[in-house]
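Per-entry structural report
The chain contents come next:
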Amino acid sequence: MSLDDLHLNLRNLTQDDYPQLKALMDAVYDDIGGAWPQHSIDRLIQEFPDGQIAIEDDEKLVGVALTVRVAYDEFSNPHKYDDLVGNREIILNDPEGDAMYGLDVLINPDYRGYRLGRRLYEARKELCRSMNLRAILAGGRIPNYHEYAGELAPAEYIERVSRKEIHDPILSFQLANDFLVKRLLRKYLPEDEKSQGYATLLEWNNILFEPAERVLENRPTQVRVGAVQWQMRECASVESVLQQVEYFVDALSSYQSDFAVFPELFNAPLMGLQDRATQQDQMAAIRFLAGFTEQFKSELSRMAVSYNINIVAGSMIEVGEDDRLYNIAYLCHRDGTIEKQAKLHITPQERREWVIEGGDELRVFETDAGRVGILICYDVEFPELGRLLADQDMDILFVPFWTDTKNGYLRVRHCAQARAIENECYVVLCGSVGNVPSIRNLDIQYAQSSVFTPSDFAFPHDAVLSETTPNTEMVIFSDLDLTRLTVVRAEGSVTNLKDRRKDLFDLRWRDWSWKSGSLTPGNPEEN
């Protein structure tokens, strides 16, 4: 048959199709009793019309998938085919079932090789997603098993089929369509002599399924992020800087952004409120800057609430309880709470000029618009941190940064893009621009703020969702689809997180709580 002669149409089965369906089932299932009686099919169509899917070629029925709804907890456990059938061969459809059960998929032998079965399976999967059902289950025959029954146990046969050492026309096809073998079913269909009565319980999980009781609690799957490519400039007062911050927060909020993001140490120009001579003492200058942090935290939290937007407040210098200096990013939630993430890896310049200390905690923050992590500038160049956050189901990684030269910027950019790919998450890179010669260590900046994605078909071809013009003060907006992350992590072209060889290596965060006195270092009973 020539491809030019095909005129295929995917549609739902109707009761008028029964004569053709009977002929097709009698031909395909001649070894296990042939077709269902007409009253069985008519009732199935009446009770679950969307689940009965047909492919026709010029009005000729050439492929069919029959499906019922079932209770997942019941049919994901051992059962028999007869458990799906009531009196008078009535197929038992549960209208309240939270899963689909694949009864039959059959293709006209003359049409094999055109992957019509795959079309039917994809249609089933799409229906499962659209109905927010938990999974598709199926009892799969293993019709080639009779050829190996004398030498292989059923479980061994299934294992060899999964390794493609043996081809089974049903099991091999189902495995190729993302179904997993959950268990072996015994005496599933006793009259199936080719399968020796055995079957596999197969399952395809709907990764987008949400239980009904949680639907109202769900966070939105579409998240809008606004990032400010902030220009460092001389300032006359603290109020003038806060006024500029509020201008941007107001603008981002007007576009219904869920997050407003600022760069690392964006309030550093406040050091210029001292005269140039006083600034020569860099330790005194950075502690002078730290004196504004509490005011900025308070004002940014007020803005987050007033403008109904979560603010990633770049980073600021904080004097810790130990009187040491830390570079801290603050997350100001729009409900008024404030959380923080310290910079963990300190650059040589920060250590040399300002004696900044590295923090010792890393966490994912739960927000009303996704689970987020924050790595400040240099931290993103250490891949272990991104992976630890990914292990906590992070959706969005924010990277506020401050770099002076293009080569420094490119280090941060390339590492940030790698974090997006290897951890299958969005990464928002936000930096500062401008020249302030009058302030030591602020004389030059280079930045091109960007939003990176995983590198797969659901995302931009270059894995860059948006980016600014280099070295220009501006904002960028990006709409992040968190559902795409769920899909790429489970069904992407590659699945980096899922495919890690944990049998060969692992990664763990050391417990430093002993530093606060709650644990004793080196005591295995406490770790």
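Residues numbered from 1 in each chain as written. Predicted model: local features only at pLDDT ≥ 70, side-chain atom pairs only at ≥ 80, totals over all residues. Heavy atoms only, no water.

1. Regarding the overall build of the protein chain
Summing up its helical and strand segments, the protein chain has 14 helices and 22 strands in all. Relative to the compact-globule value of 24 Å for 527 residues, the protein chain shows a C-alpha radius of gyration of 30 Å, a clear excess of over 25%. In terms of its C-alpha atoms, the protein chain occupies a principal-axis envelope of roughly 95 × 55 × 45 Å. Out of the 527 residues belonging to the protein chain, those deemed buried represent 50%. The long-range fraction of contacts in the protein chain, counting pairs at least 24 apart against all pairs at least 6 apart in sequence, stands at 70%. When the accessible area of the protein chain is evaluated, it comes to approximately 24700 Å², of which 47% is carbon and sulfur surface. Within the protein chain, the 86 negative side-chain charges are centred at a point lying 3 Å from the centre of the 55 positive side-chain charges. (Helix = DSSP H or I, 4+ residues; strand = E, 2+ residues; numbered from the N terminus. Rg over C-alpha atoms; globule rule 2.2 N^0.38 Å. Buried < 20%, exposed > 50% of the residue type's maximum accessible area, 1.4 Å probe, protein only. Contact = heavy atoms within 4.5 Å. Areas by Shrake-Rupley, 256 points an atom, 1.4 Å probe, with all protein chains shown as cover. Lys, Arg positive; Asp, Glu negative; His and termini not counted. Charge placed at Lys NZ, Arg CZ, Asp CG, Glu CD.)

2. Examining the layout of surface pockets
Taking a probe equal in size to a water molecule and rolling it over the atoms shows the remaining empty space. Its volume calculated, the largest pocket comes out at about 1300 Å³. Taken together, 48 residues form the lining of the largest pocket, with Val28, Tyr29, Val105, Arg141 and Ile170 sitting closest to its centre. Elements that contribute at least two residues to the lining of the largest pocket include exactly helix 1 (18–28), strand 4 (99–107), helix 4 (116–130), strand 5 (135–141) and helix 6 (171–176). Residue contributions to the lining of the largest pocket peak at 6 residues, all from strand 4. (1 Å grid on protein atoms, 1.4 Å probe; cavity = no way out; pocket = protein on both sides within 12 Å on 5 of 7 lines; lining within 4 Å. Points joined across faces, edges and corners; volume = space filled by probe spheres on them.)

3. Some points on a negative patch on the surface
A contiguous patch of negative charge on the surface is contributed by Glu74, Asp82, Asp83 and Glu191. Secondary-structure assignment places Asp82 in the loop between helix 3 (72–75) and strand 4. (Patch = residues over 30% accessible without salt bridge, like charges linked within 9 Å, V, L, I, M, F, W, Y side chains within 5 Å. Salt bridge = Lys/Arg side-chain N within 4 Å of Asp/Glu carboxyl O.)

4. A look at the packing of helix 7 (residues 238–254) against helix 10 (residues 293–306)
Where helix 7 contacts helix 10, the two axes come as close as 11 Å, and the packing angle between them is 25°. Relative to helix 10, helix 7 is oriented roughly parallel. Two packed elements cross with a definite hand, and for helix 7 against helix 10 that hand is right-handed. In this structure, helix 7 contributes Val238, Glu239, Val241, Leu242, Val245, Glu246 and Val249 to the contact, and helix 10 contributes Gln295, Phe296, Glu299, Leu300, Arg302 and Met303. Among the residues forming the contact of helix 7 with helix 10, the class breakdown is 8 nonpolar, 1 polar and 4 charged. (Axes fitted to C-alpha atoms, helices over the stretch in contact; angles between N-to-C directions. Parallel < 35°, antiparallel > 145°, perpendicular 65-115°, else oblique. Left-handed = near helix turned anticlockwise from the far one by under 90°. Nonpolar A, V, L, I, M, F, W, Y, C, P; charged D, E, K, R; others polar.)

By themselves these figures say nothing about function.
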